[in-house]
Amino acid sequence: MSRSMSALAAATVLAGLLTATAPASAAPASYAVAAPTGTPTVASAAATATACVPDAVRLPALPTGPWTSGAVNGLGADGLAVGESRGLPAYWTADRTVHPVPLPAGFQNGSVTAVNAKGLMVGTLERSSDRAHAAFTYRAGDAAVRLLTGASAGTGAGDVNDAGRVVGMDAGTPKEWVNGTVVRELPVPEDAHPGTRIVTVDGINKRGDVLGTAHTEYEDPENDRIVSKTFPVVWPAGGGYPPYSLPVWNETDWTTGTEASGIDDKGRVVGYEAENYRELRRRTPAVWKKPYDAAPAAPGPVTGYETLTFEAISPTTNVTVGTAATFVEGYPRYVRAAYWPGTGSPLVLPNPAGASADVNTEARAVSDDDRVGGSFRDLLTLTDSAMIWTCASKQAYAPEK
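Quick notes on the rules
Residues numbered from 1 in each chain as written. Predicted model: local features only at pLDDT ≥ 70, side-chain atom pairs only at ≥ 80, totals over all residues. Heavy atoms only, no water. Pairing = 2+ DSSP bridges. Helix = DSSP H or I, 4+ residues; strand = E, 2+ residues; numbered from the N terminus. Buried < 20%, exposed > 50% of the residue type's maximum accessible area, 1.4 Å probe, protein only. Salt bridge = Lys/Arg side-chain N within 4 Å of Asp/Glu carboxyl O.

Draft legend 1. Structural view of the pairing of strand β12 (residues 173-178). Here strand β11 (residues 165-170) pairs with β12 via six bridges, running antiparallel. Following the sheet pairing, Asp170 is matched in β12 by Thr173. Linking β11 to β12, which pair antiparallel, is a turn of two residues; within it Ala171 sits at a positive phi near 55 degrees. In this structure, β12 lies alongside strand β13 (residues 181-185), joined through four bridges in antiparallel fashion. Across the sheet, residue Val178 finds its bridge partner in β13, namely Thr181.

Written as structure tokens, this is what we have:
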């Protein structure tokens, strides 16, 4: 499963809570930008597609864009990776060439958030004038994106499964689309407190089970307190069964919330609890299993790091990735892409060859073919890149204490 934002960016969302016509086909534009100096590369695209070669690669960026950021948010078949480059929606083919996703008139930036095994991408566009967003779909080679929504606040694409079912938000309403048409709106669980709202839709698995995050806040006069609860929700495929409110460790503290981030084909859910109070930043990874009637399990942190978030889970291999971090005065200072095989202690992934010692990496996506996608930032040179780890299981290791 993929993820549309990093753990650290998602934490900002939690902190805030706590306080169209089908396009014609055309050849895609591309930029065969050379990899940065010192970055390892594979021998050929054919080798990438047919063999597992351990590598940690900084992907090339688009030549221009409004920002310097870069990230891989989703992984598709045949070496395809999707995400953002210099603040623009982009994708990378197996030969490590970066391609722009065409922006419709009126939009200045955006991101591809996910891609399915058949190459259908979904993402979110932004209009700079008023920060309004729109959800879209796209296939490599199309002349234009297909807009699923108008531009508004509270809008964005979350994920797409191999059947082409897209889930996301439309002006604050969680929805599911098929072939550009809304097939259902996703209701708030019946056991939720009145006033509960869905704030994000985070994933959909092969079966069609949908994962999201809900938030409620209300006054409890009997106990003279404000109750604030952020918790995951699972909507079973097809809409024939009511949604589940997943149990969380803390249901009342306004400084703490729990966010969903990924769901695999067996319905296993991953996410994390975040506590934000003054300079305190605590992140605890969480794992739920069906029938979602028990509190989540917590695998524990990565050795040498104080916090850990889970950002994505592979469809069938039980591998989960995310970000380990240590905060200094409320800011993430030591940040590392994390890899958890589903049992034992979480591990970390290596930095690319030639990188300085002062580097931040994040993992945002993981595939069944042992690839991990994410982002890289060199704090000395202020260099940002999208990243891919191939044959990740053979590279993950436990840091020294």
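Draft legend 2. How the structure looks around the environment of Gly158. Inspection of the secondary structure assignment puts Gly158 in strand β10 (residues 156-160). Given a relative accessible area of 4%, Gly158 falls into the buried group.

Draft legend 3. How the structure looks around the pattern of salt bridges. Inspection of every chain in the model, using the stated rule, returns 14 salt bridges. Measuring nitrogen to oxygen at the nearest pair gives 3.1 Å for the salt bridge that ties Arg131 to Glu126. Overall, the relative accessible area of 54% leaves Arg131 in the exposed class. A residue is classified by how much of its surface remains accessible, and Glu126, at 6% relative accessible area, is buried.

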